[in-house]
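Structural features, examined
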Amino acid sequence: MPMPHRTMMQVIKRRLVGKEGSEKIKELRAILDELPGYRSGPYADVRKWVMQQMDLTRIRSKAVHRDSIAIHREGAAQVALVGAPNAGKSSLLHALSDIQIKVGGYAFTTTRPVAAVTRIKGVLIQLVEIPGLLPGASEGRGGGRALLGVLREADAIVYCHDASAPFQKLEEIRNEVGLAGIDKPAILAVTKLDESDEDALQYARAAFPDMGAVGVSVIDDRDLEAFRDAVWNLTGLIRVYTRLGDETSETPFAFQEGATTRDVAAALHKQLAVEIKAAKVWGPSAKFPGQQVGADHELKDGDAVEIVA
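Let us look at the structure shown here. All of these numbers come straight from a predicted model, not from anything done at the bench.

Looking now at the nonpolar core. Among the nonpolar cores identified, the biggest contains 30 residues, and Val-82, Leu-133, Tyr-159, Val-177 and Leu-188 are the most heavily contacted of them. For this core, the secondary structure elements donating two or more residues are strand E1 (78-83), helix H5 (144-153), strand E4 (156-162), helix H6 (167-179), strand E5 (186-191) and helix H7 (200-207). Tallying contributions element by element places H5 first for this core, with 5 residues. Excluding residues within four positions of it along the chain, Tyr-159 makes contact with Val-82, Leu-170, Ile-173, Arg-174, Val-177, Ala-186, Ile-187, Leu-188, Ala-189 and Met-211. By size, the runner-up hydrophobic cluster in this structure holds 27 residues, among which are Ile-125, Ile-187, Trp-232 and Leu-237.

Structure below.
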């Protein structure tokens, strides 16, 4: 009996994360070989989707993308840092990761997207600094189309704004992102708080009430920790640990909200997702420690799961 088709699609999409070109086509072929051979119904629709992905991948591989920049995805989520030139993006990326990048007090220090991973709540998250966007970016000014293409592939956006700069710059950036048709979960990081008016964060919150705003000074560890928490909430991820007997794993799996015990089984081994009969759960989603639940039990952040196959 194959796994439910919705779960199957989740597993397939997870297997394709970070794969492009020939590597993606190879993985898609392997998936086709594993799919049930039904000619109608939801499983047939899954097969059709996989074949469409193969065709699209071949087309992309043959095309020449003059206005594109490829960023290799790493970690459980990709979050883009966006803002005007000299908005503090490079300093923030440097403070949150081990990457060595050029940091300067002048515009256009960064000319191409820079990616780095940082560990938040035990999970690797990729941050991508987008070089300063200019008015007219959506029409190609300053290489804007390529930069917005990188932004379009991200899971979420952190708008970075220099606390001492006029809000007009941030409004222009958001306008260009909107003109490009990009709509992602977003927060506002008000940077360089140590160099500005102490009320700068409150002014920003009043000016942009539709975005949650967090203040950041890269020399303040408490600010950086609060920023990490805000980024974690932005991703919509939950942490799930595996358990065997009395031993709980130290490193969690990361899933989107709504993940089930079957998703955990699939992350451990694709065949386990088919064979799972039940699971034991410790944590927020359990009524009591070690509660036995079904394969479609919805998990919460911090749960520990032992699969019963």
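Having put the structure on the table, let's press on.
What follows concerns the side chain of Ser-217. By secondary structure assignment, the location of Ser-217 is in the loop between strand E6 (212-216) and helix H8 (221-235). Using a relative accessible area of 4% as the deciding quantity, one classes Ser-217 as buried. A polar atom in the side chain of Ser-217 sits 2.9 Å from the side chain of Asp-194. Non-local contacts of Ser-217, meaning those with residues more than four positions away in its chain, are made with Leu-193, Asp-194, Asp-223 and Leu-224.

Under the criterion given, the structure shown has 2 aromatic pairs. One Lys or Arg, Arg-174, reaches over the ring of Tyr-159 and ends 5.9 Å from the middle of that ring. A cation over a ring is seen here: Arg-243 above Trp-282, with NZ or CZ 3.9 Å from the ring centre.

It is worth spelling out the pattern of salt bridges at this point. Pairing between side chains of opposite charge can happen when the charged atoms of each approach one another. Here the structure, examined in full by the defined rule, presents 11 salt bridges. Across the salt bridge formed by Asp-220 and Arg-222, the nearest N and O atoms sit 3.7 Å from each other. Take Arg-222: its relative accessible area is 68%, and that puts it in the exposed class. The salt bridge partner of Asp-301 is Arg-239, with a shortest N-O separation of 2.8 Å. Here Asp-301 is found in the loop between strand E11 (291-293) and strand E12 (303-308), whereas its partner Arg-239 is found in strand E7 (residues 237-244), with 62 residues between them in sequence. Among the residues examined, Asp-301 registers a relative accessible area of 28% and is labelled partly exposed.

Right, let's talk about the sheet that holds E1 for a bit. Taken in spatial order, the 6 strands line up as E2-E3-E1-E4-E5-E6 in an open sheet, and their pairing is mixed. Here the strands that pair on one side only, and so sit at the sheet edges, are strand E2 (114-120) and E6. Recorded for the sheet is a direction-independent mean angle of 30° between the axes of neighbouring strands. Here 5 bridges tie E5 to E6, and the two strands are oriented parallel to one another. By the bridge assignment, Leu-188 is partnered in E6 with Ala-213. Sitting on the sheet, H8 is in contact with E1, E2, strand E3 (123-129), E4, E5 and E6, with an inclination near 150° to E6.

Turning our eyes to something else, we now look at the packing of helix H4 (residues 89-96) against H8. In a pair of packed helices, the angle between the axes and the distance between the axes together describe the arrangement. In contact at an axis separation of 11 Å, H4 and H8 are set at 90° when each is read in the N-to-C sense. The orientation of H4 with respect to H8, classified from their angle, is roughly perpendicular. Residues Leu-92, Ala-95 and Leu-96 of H4 form the contact with H8, whose own contacting residues are Leu-224, Phe-227 and Arg-228. Counted by class, the contact of H4 with H8 contains 5 nonpolar, no polar and 1 charged residues.

Moving on: unusual backbone geometry. Glycine aside, residues mostly have negative phi angles, and peptide bonds mostly take the trans form. Phi angles above zero are rare outside glycine, and Asn-86 is one such case at about 65°. Assignment of secondary structure puts Asn-86 in the loop between E1 and H4. On the basis of relative accessibility, which here comes to 29%, the residue Asn-86 falls in the partly exposed class. With a phi angle near 60°, Lys-192 is a residue other than glycine that sits in the positive phi range. You can see Lys-192 is positioned in the loop between E5 and H7. With relative accessibility at 18%, the residue Lys-192 sits in the buried group.

Reading the values: the criteria
- Residues numbered from 1 in each chain as written.
- Predicted model: local features only at pLDDT ≥ 70, side-chain atom pairs only at ≥ 80, totals over all residues.
- Heavy atoms only, no water.
- Core = buried A, V, L, I, M, F, W, Y, C linked by side-chain atoms within 4.5 Å.
- Buried < 20%, exposed > 50% of the residue type's maximum accessible area, 1.4 Å probe, protein only.
- Helix = DSSP H or I, 4+ residues; strand = E, 2+ residues; numbered from the N terminus.
- Contact = heavy atoms within 4.5 Å.
- Polar contact = N/O pair within 3.5 Å; in protein donor to acceptor, adjacent residues only side chain to side chain.
- Phe/Tyr/Trp six-rings, centres within 6.5 Å; stacked < 30°, edge-to-face > 60°.
- Lys NZ or Arg CZ within 6 Å of the ring centre and 35° of its normal.
- Salt bridge = Lys/Arg side-chain N within 4 Å of Asp/Glu carboxyl O.
- Pairing = 2+ DSSP bridges.
- Axes fitted to C-alpha atoms, helices over the stretch in contact; angles between N-to-C directions.
- Parallel < 35°, antiparallel > 145°, perpendicular 65-115°, else oblique.
- Nonpolar A, V, L, I, M, F, W, Y, C, P; charged D, E, K, R; others polar.

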